[in-house]
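What follows is each chain in one-letter form.
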Amino acid sequence: MSSPKLLLWDIDGTLIVSHGAGFRAMQRALRERFGREVDLRRINWAGRTDSWIVAEVLRHVGLPDTPENTRTYLDAYLSLLPVELRAGPSGQLLPGVAELLAHVHGRRDIVQGLLTGN
């Protein structure tokens, strides 16, 4: 038997849609923890890791990219994300995803994982 193929999934925009909850949580975390109000839509973070996003946001608003600022920002983001998920429109599984996941589930020739910035 040959080696299994690795199938890596992104989450938001590939498997589900969260209607911007992550973005809203990032904006709110910046405002609540650092008192900074800035339009984060100017930063293209599609496909980026959280650590890259945080460093870029901090740079964008003129804050040092220190471990303490990163931890403060990510802690705030993670505490606000569930709030924003509940506050906005319900997240949705994208069309065809359930059937696709059911199709590959349990196959011995495929190993699945998540590859996401978040």
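Our structure's up above, just so we're on the same page.
Residues numbered from 1 in each chain as written. Predicted model: local features only at pLDDT ≥ 70, side-chain atom pairs only at ≥ 80, totals over all residues. Heavy atoms only, no water.

**Considerations on the packing of helix H1 (residues 21-34) against helix H3 (residues 67-87)**
Taken N-terminus to C-terminus, the directions of H1 and H3 make an angle of 130 degrees; their axes are 8 Å apart at the nearest point. One element, H1, and the other, H3, form an angle in the oblique class. When the axes of H1 and H3 are compared, the crossing they make is right-handed. Contacts between H1 and H3 involve Ala 21, Gly 22, Arg 24, Ala 25, Met 26, Arg 28, Ala 29, Leu 30, Glu 32, Arg 33 and Phe 34 from the former and Asn 69, Thr 72, Tyr 73, Asp 75, Ala 76, Tyr 77, Ser 79, Leu 80, Leu 81, Val 83, Glu 84 and Leu 85 from the latter. For the contact of H1 with H3, the per-class residue count stands at 13 nonpolar, four polar and six charged. (Axes fitted to C-alpha atoms, helices over the stretch in contact; angles between N-to-C directions. Helix = DSSP H or I, 4+ residues; strand = E, 2+ residues; numbered from the N terminus. Parallel < 35°, antiparallel > 145°, perpendicular 65-115°, else oblique. Left-handed = near helix turned anticlockwise from the far one by under 90°. Contact = heavy atoms within 4.5 Å. Nonpolar A, V, L, I, M, F, W, Y, C, P; charged D, E, K, R; others polar.)

**Things to note about the side chain of Glu 84**
Tracing the backbone through its elements, the reader meets Glu 84 in helix H3. Ignoring anything within four residues of it in the chain, the contact list for Glu 84 reads Ala 21, Arg 24, Ala 25 and Arg 28.

**Digging into the packing of aromatic side chains**
We describe a pair of aromatic rings using the distance from one ring centre to the other and the angle between the two ring planes. Taken as a whole, this structure holds two aromatic pairs when the rule is applied. We note Arg 48 situated over the ring of Trp 52; from NZ or CZ to the ring centre the distance is 4.2 Å. (Phe/Tyr/Trp six-rings, centres within 6.5 Å; stacked < 30°, edge-to-face > 60°. Lys NZ or Arg CZ within 6 Å of the ring centre and 35° of its normal.)

**Observations concerning the pattern of salt bridges**
Across all of its chains, the model carries seven salt bridges by this definition. Between Arg 24 and Glu 84 there is a salt bridge, with its nearest N and O atoms 2.9 Å apart. One end of the pair, Arg 24, is in helix H1; the other, Glu 84, is in helix H3, with 60 residues separating them in the sequence. Among the residues examined, Arg 24 registers a relative accessible area of 26% and is labelled partly exposed. Taking relative accessible area as the criterion, Glu 84 reaches 9% and is therefore assigned buried. For Asp 39, the salt bridge identified is with Arg 41, shortest N-O distance 3.0 Å. You can call Asp 39 partly exposed: its relative accessible area is 30%. Residue Arg 41 is classed as exposed on the basis of its relative accessible area of 64%. (Salt bridge = Lys/Arg side-chain N within 4 Å of Asp/Glu carboxyl O. Buried < 20%, exposed > 50% of the residue type's maximum accessible area, 1.4 Å probe, protein only.)

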